[in-house]
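Survey of secondary and tertiary structure
Each chain is listed here by its residues.
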Amino acid sequence: MIAQVIVDVAARQTDRVFEYHVPDGLDADVGSRVIVPFGRRKVQGFIVSLTEQSSFAGQLKDLLLVVDEMPPLTEELVELSADLAREIFAYRISILKTMLPGVMRANYRKILVPASEQAAKLPLFQGDEVDLANLEEAHLIKMVKQLISKGEARIEYLVENQARKKMTAVYFPRLKAEEYRELLNEVRAGASQQKKLLSDLAENLPAYPKSREQLKELGISTAALKNALEKNWLSLKEVEQYRRPTKPVAPSQPLKLNADQAAVLDRISQDLQAHKSQTFLLEGVTGSGKTEVYLQAISQALALGRTALMLVPEISLTPQMVRQVQSRFGQQVAVLHSALSEGERYDEWRRIRRGEAQVVVGARSAVFAPLHNIGLIIIDEEHEGSYKQDNNPRYHARDVAIWRSRYHGCPLILGSATPSLASRARAQKGVYQLLRLQKRAKNQPLPRVDLIDLKHVQFAGSQFDLSCPLTEAIQDRLAKKEQVILLLNRRGFANFMLCRNCGFVLKCPNCDLSLTMHKDTWTMQCHYCGYQEAVPEVCPNCRDRQIRFLGTGTQKVQEELSELFPQAKILRMDVDTTRRKGSYERILTSFGRGEADILLGTQMIAKGLDFPNVTLVGVVNADTGLWLPDYNASEKTFELLTQVAGRAGRADKEGQVMIQTYNPDHYAIRLAQKQDYELFYAKEMQVRHAGDYPPYFYTVLVSVSAKNEQNAAREAFKIKRQLLSVLKAPTIVLGPAPATISRLKNQYYYQILVKYKREKHLNELLHQIQDQAQEVKKYGLNVEIDPEPERIM
Ligand SMILES: Nc1ncnc2c1ncn2[C@@H]1O[C@H](COP(=O)(O)OP(=O)(O)OP(=O)(O)O)[C@@H](O)[C@H]1O
Ligand SMILES: [Zn+2]
Ligand SMILES: [Zn+2]
């Protein structure tokens, strides 16, 4: 038998299968993770197919090892990796690795091994091999070089499997219940511990095996357990224990659907029963009860003996959301997201792989969950940019989900109150089936939205961030003991430092960006590369003292709120307050319990949250993203405002929204005020049509970066010439132009944007460019190809 293997070496030359002979007795399957010899090294790889005949003329090397008992990748995922590699310009190995939990990626160690007995006696080795990563002293490094050149030692590569199961010792019964009952009558009166153990065994035998902790809780000591082992009442075995990220929750019953929800579910149900691959766009206003539709659709899939996959943006994977799914489906649920420990992730993933979990809830990468027989896929908040991975491999979870829905013959639901323009346009063309929920779940009104024109308004505080109408509304809710959500999509205290004397603005030394002032840490920070320095007291340029910190951020607004409402309890949620594990959950739980009056935050708080006592939502500045030089700035602004507005008045009390803006006449803001997605869609499609933007055109962004600006520009022009030699109108090739933020982390960026409708040769051409990219890498040039970029800046 011959195995075709993709090896764990991400390079153009190795982005193909290599063949190995499978020695007798090795249990190799498609999808197996294996260790193979590769040149002088040993590397990890994945079997993508098995054949009887080799196309290779020479002698094949043997597979060395099959790592796991069960192949981690299913045949489906192996097939998917091949298709995806073609579409997104990534090496197949990087896709295969992305499909697996982090701990299943191999760790490679370079070690020095003595080549003779004599060499082994050198103090360097002390009878053992040496890990070269630990070798730091110059004279030792020199010595290693000499040993290698004299042939007295050689370098070997070790592949380490980092995946560890958690084992725990448990006590198994060896006798029958009545035998324990008999023993209970025989033990002497004084042996109280033994009596306790025997009576537990006699009465609760089905609850066994039990762990040491469980038995200790019953008051049985280690000595008594030892005694029981000696008497052969019990046996001790090591068994695997899953590290579970979630605790069991109380079960819940399905809600009675309203007529609109029922109609939507009915339509989905038809295709579910019929095993039909169909993408539905579920466009439902905020609070329309999309979640309940998802849950009942999942129930139907399970009833058919199939499984279900539900994707949620990382940020919406709140404990509330997970609890909702768990309360319906209990132990069948597995959860996958980045807040899990490596061990928890590995174990949840294996529960799925082994078929022990039938419902998966997870963030972007969970789209690769190794489920069998999928009956339903759901992508909630489908408009979220985070479904596209913004580094290699640049896959979009939606496209992967569509692929899988075809493979399994199952429906896919894309849900949102503000669908991405691309998805809505596809629904228009009939590629997706449009389903709508136009009213809130219990027919509550959408909140009233007022625009506050910042050009003509009085401010309440000293910082000119909060207007009088907004602060009066806040005061009113505080008096009524109702809660307030305030959005400002900018963290820190002030977003730049300006010298009033010479006009100097303090910028990041690595990026083309001004530094943001953070008052709590008294630092100036770069929000792109993380650079920070102390807040200056004089202008770094002219030494003048007249420096000002301008612009606003969540820290400043928090300060102003505390001044205006000293009694109010305020929670702030942004990247700075949620760095530590669990802090995100803590803030939301606390707010949900009513322990705070105001939740102030960045776009983190805008989506998905369902707090019944929130009756006022305020947007401190709606313009933060409006004038970004990106074609989808309006879409993103409309989406953010509509989503955050939707957090108000979701239960019985009426909601109100106040949006502060300098651009009250901008259509994105006007239509967000109306919360009318369909109107916005129609208007924005006109704008896109006039500008030849997506979804009228497909786009690919080619970006070139280098330490030296000329080099980046030169390479970009070369690529443009290459593109133009093949591509013809109506395809449009824009650029190269320096990116809006032309320097990031000391790299200069030049971009070329290709807009096309149909281009037979484009994919091939881009693969060529990708291949060349590998060659120019040695000159410090990075070429990245990003199909359908989320951002063009
Ligand atoms: N049929 C129903 N009967 C009563 N209450 C319902 C029903 N369906 C949903 N709800 C309730 O309505 C509220 C809003 O539902 P949900 O959170 O699913 O909205 P959504 O459509 O996801 O909105 P958003 O897009 O704003 O997140 C929830 O509190 C939910 O429990
Ligand atoms: Zn100055
Ligand atoms: Zn920086």
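As annotated in an unreviewed UniProt entry, the protein carries the name Replication restart protein PriA and is attributed to Lactobacillus nasalidis.

Here we look at the coordination of the zinc ion (ligand 3)
At 2.3 to 2.4 Å from the zinc ion (ligand 3) lie its protein donor atoms, namely Cys508 (SG), Cys511 (SG), Cys526 (SG) and Cys529 (SG). With four donor atoms in place around the zinc ion (ligand 3) and angles of 104 to 114 degrees between them, the coordination shape is tetrahedral. Ordering the donors of the zinc ion (ligand 3) by residue number gives the pattern C-x2-C-x14-C-x2-C. Of the two residues, cysteine 508 sits in the loop between β21 (496-499) and β22 (516-518) while cysteine 529 sits in the loop between β23 (523-525) and β24 (532-534), which places them 21 residues apart along the sequence.

Section: the sheet that holds strand β11 (residues 234-240)
Reading across the sheet, the three strands line up as β10-β9-β11 and stay open at both edges, with antiparallel pairing between neighbours. Looking at the sheet topology across the chains shown, the edges are occupied by β10 (210-211) and β11. For strand β9 (residues 167-173) and β10, the ladder comprises two bridges, and the chain directions are antiparallel. Note on β10: the bridge partner recorded for valine 170 is serine 211.

Some words on the environment of proline 370
Residue position: proline 370 is located in the loop between β15 (359-362) and β16 (374-380). A relative accessible area of 0% means that proline 370 is categorised as buried. Spatially, the C-alpha atom of proline 370 lies 7.0 Å from that of leucine 73, the residues being 297 residues apart in sequence.

Quick word on the coordination of the zinc ion (ligand 2)
At the metal site, the zinc ion (ligand 2) is ligated by Cys499 (SG), Cys502 (SG), Cys539 (SG) and Cys542 (SG), and these contacts range over 2.2 to 2.4 Å. For the zinc ion (ligand 2), the four donor atoms in the first shell make angles of 106 to 112 degrees at the metal, so the coordination geometry reads as tetrahedral. Mapping the donors of the zinc ion (ligand 2) onto the primary sequence gives the spacing C-x2-C-x36-C-x2-C. On the criterion of sequence distance, the pair formed by cysteine 499 in strand β21 and cysteine 542 in the loop between β24 and β25 (547-550) is long-range, its members being 43 residues apart. Look at cysteine 542 and you get partly exposed, because its relative accessible area is 27%.

A short note on the packing of aromatic side chains
Summed over the entire model, instances satisfying the criterion amount to 11 aromatic pairs. With a centroid separation of 5.1 Å and an interplanar angle of 90 degrees, the aromatic rings of phenylalanine 18 and phenylalanine 38 are classed as edge-to-face. With a gap of 20 residues between them, phenylalanine 18 in strand β2 (residues 18-21) and phenylalanine 38 in strand β3 (residues 33-38) connect regions that are remote in the sequence. Residue phenylalanine 38 is classed as buried on the basis of its relative accessible area, which comes to 16%. A centroid spacing of 5.2 Å and a plane angle of 85 degrees characterise the contact between phenylalanine 591 and phenylalanine 611, whose relative ring orientation is edge-to-face. In this pair, phenylalanine 591 is assigned in helix α17 (residues 583-592) and phenylalanine 611 in the loop between β27 (598-601) and β28 (614-619), connecting sequence segments 20 residues apart. On the basis of relative accessibility, which here comes to 5%, the residue phenylalanine 611 falls in the buried class.

What to know about the nonpolar core
Grouped together as the largest cluster of nonpolar side chains are 50 residues, with contacts concentrated most on Leu73, Met99, Leu311, Ile352, Val360, Val367 and Phe368. Among the elements that line this core, the one with the most residues is helix α1 (residues 75-88), at six residues. Sequence-distant contacts of leucine 73, that is, excluding residues within four places in its chain, are made with Val30, Gly31, Phe46, Val78, Leu96, Met99, Leu100 and Arg353. Counting 40 residues, the second-largest nonpolar core is a separate cluster that includes Leu588, Val644, Ile659 and Tyr677.

Here's the deal with helix α15 (residues 468-479)
For α15, built from 12 residues, the straight-helix expectation of 16 Å at 1.5 Å per residue is met to within 8% by its first-to-last C-alpha distance of 16 Å. Turning to α15, its buried residues are Leu470, Thr471, Ala473, Ile474, Arg477 and Leu478. Axial view of α15: buried residues confined to an arc of 160 degrees, hence all on one face. Set apart from the buried face of α15 by more than 90 degrees, the exposed residues are Glu472 and Ala479. Next to the buried residues of α15 lie β19 (448-453), β20 (483-487), α16 (554-564), β27, β28 and β29 (656-661).

What about the UniProt feature "domain: Helicase ATP-binding" (unreviewed entry) in the protein?
In the UniProt entry, the feature "domain: Helicase ATP-binding" (unreviewed entry) is given for residues 271-437. Taken end to end, residues 271-437 is 36% helix and 22% strand, and its first and last C-alpha atoms sit 19 Å apart.

Thoughts on helix α12 (residues 342-353)
Helix length check: α12, at 12 residues, gives a terminal C-alpha distance of 16 Å against a target of 16 Å (1.5 Å per residue), a fit within 8%. Taken across its 12 residues, α12 has 11 buried, putting it largely inside the fold. For α12, every residue scored as buried is listed here: Gly343, Glu344, Arg345, Tyr346, Asp347, Glu348, Trp349, Arg350, Arg351, Ile352 and Arg353. Buried residues in α12 make contact with β11, β14 (333-336) and β15. Trailing α12 by a residue or two, glycine 355 shows a phi angle of about 75 degrees, which is positive.

Comments concerning the sheet that holds strand β31 (residues 732-744)
The strand order β31-β32-β30-β33 describes an open sheet built from four strands, whose pairing is antiparallel. One side of each edge strand has no neighbouring strand; the edge strands of this open sheet are β31 and β33 (782-787). Taking each pair of neighbouring strands and ignoring which way they run, the sheet shows an average axis angle of 20 degrees. Here strand β30 (residues 698-706) runs beside strand β32 (residues 747-756); their pairing, made up of nine bridges, is antiparallel. Each bridged residue has a counterpart across the sheet, and for serine 705 the counterpart in β32 is tyrosine 749.

Things to note about the side chain of glutamate 384
Within the fold, glutamate 384 resides in the loop between β16 and α13 (397-408). With relative accessibility at 11%, the residue glutamate 384 sits in the buried group. Within the local environment of glutamate 384, its side chain forms a polar contact with the side chain of lysine 607, the two groups lying 2.5 Å apart. Not counting chain neighbours up to four residues away, the residues in contact with glutamate 384 comprise Pro313, Lys607 and Glu639.

Regarding the packing of helix α18 (residues 633-645) against helix α20 (residues 677-690)
The contact between α18 and α20 brings their axes to 11 Å, and the two run at 170 degrees. Classified by the angle between their axes, α18 and α20 sit roughly antiparallel to one another. Between α18 and α20, the residues in contact are Ser634, Glu635 and Phe638 and Tyr677, Phe680, Glu684 and Arg688, respectively. Considering only residue class, the contact of α18 with α20 consists of three nonpolar, one polar and three charged.

Overview of the UniProt feature "binding site: Zn(2+) 2" (unreviewed entry) in the protein
Here, the residues flagged by UniProt with the feature "binding site: Zn(2+) 2" (unreviewed entry) are Cys508, Cys511, Cys526 and Cys529. These annotated residues cover 22 residues of sequence, and their C-alpha atoms all fall within 8.7 Å of one another, placing them together at a single site. On the basis of relative accessible area, cysteine 508 is assigned to the buried category, the value being 3%. Examined against the element boundaries, cysteine 511 turns out to sit in the loop between β21 and β22. Relative accessible area serves as the criterion here: at 1%, cysteine 511 is assigned to the buried category. Those residues within four positions of cysteine 511 in sequence are excluded, and the remaining contacts are Cys526, Tyr528, Cys529, Arg743, Leu744 and Lys745.

Things to note about the site of ligand 1
Near ligand 1 you find 18 residues, and of these Lys256, Lys290, Thr291, Asp610 and Arg650 are the closest. Here threonine 291 contributes a side-chain N or O atom positioned 2.7 Å from an oxygen atom of ligand 1. About the coverage of ligand 1: the protein hides 83% of its 640 Å² of free accessible area. A per-class count over the shell around ligand 1 returns three nonpolar, eight polar and seven charged.

Procedures and definitions
Residues numbered from 1 in each chain as written. Chains lettered and ligands numbered in written order. Predicted model: local features only at pLDDT ≥ 70, side-chain atom pairs only at ≥ 80, totals over all residues. Heavy atoms only, no water. Donors = N, O, S within 2.8 Å, 3.2 Å for Na, K, Ca; no water. Tetrahedral: all angles 85-135°; square planar, octahedral: opposite > 155°, others 65-115°. Helix = DSSP H or I, 4+ residues; strand = E, 2+ residues; numbered from the N terminus. Pairing = 2+ DSSP bridges. Buried < 20%, exposed > 50% of the residue type's maximum accessible area, 1.4 Å probe, protein only. Phe/Tyr/Trp six-rings, centres within 6.5 Å; stacked < 30°, edge-to-face > 60°. Core = buried A, V, L, I, M, F, W, Y, C linked by side-chain atoms within 4.5 Å. Contact = heavy atoms within 4.5 Å. Expected span 1.5 Å × (residues − 1). Arc of directions from axis to C-beta. UniProt positions renumbered as here; feature names shortened; annotations may be inferred. Axes fitted to C-alpha atoms, helices over the stretch in contact; angles between N-to-C directions. Polar contact = N/O pair within 3.5 Å; in protein donor to acceptor, adjacent residues only side chain to side chain. Parallel < 35°, antiparallel > 145°, perpendicular 65-115°, else oblique. Nonpolar A, V, L, I, M, F, W, Y, C, P; charged D, E, K, R; others polar. Near = heavy atom within 4 Å. Areas by Shrake-Rupley, 256 points an atom, 1.4 Å probe, with all protein chains shown as cover.

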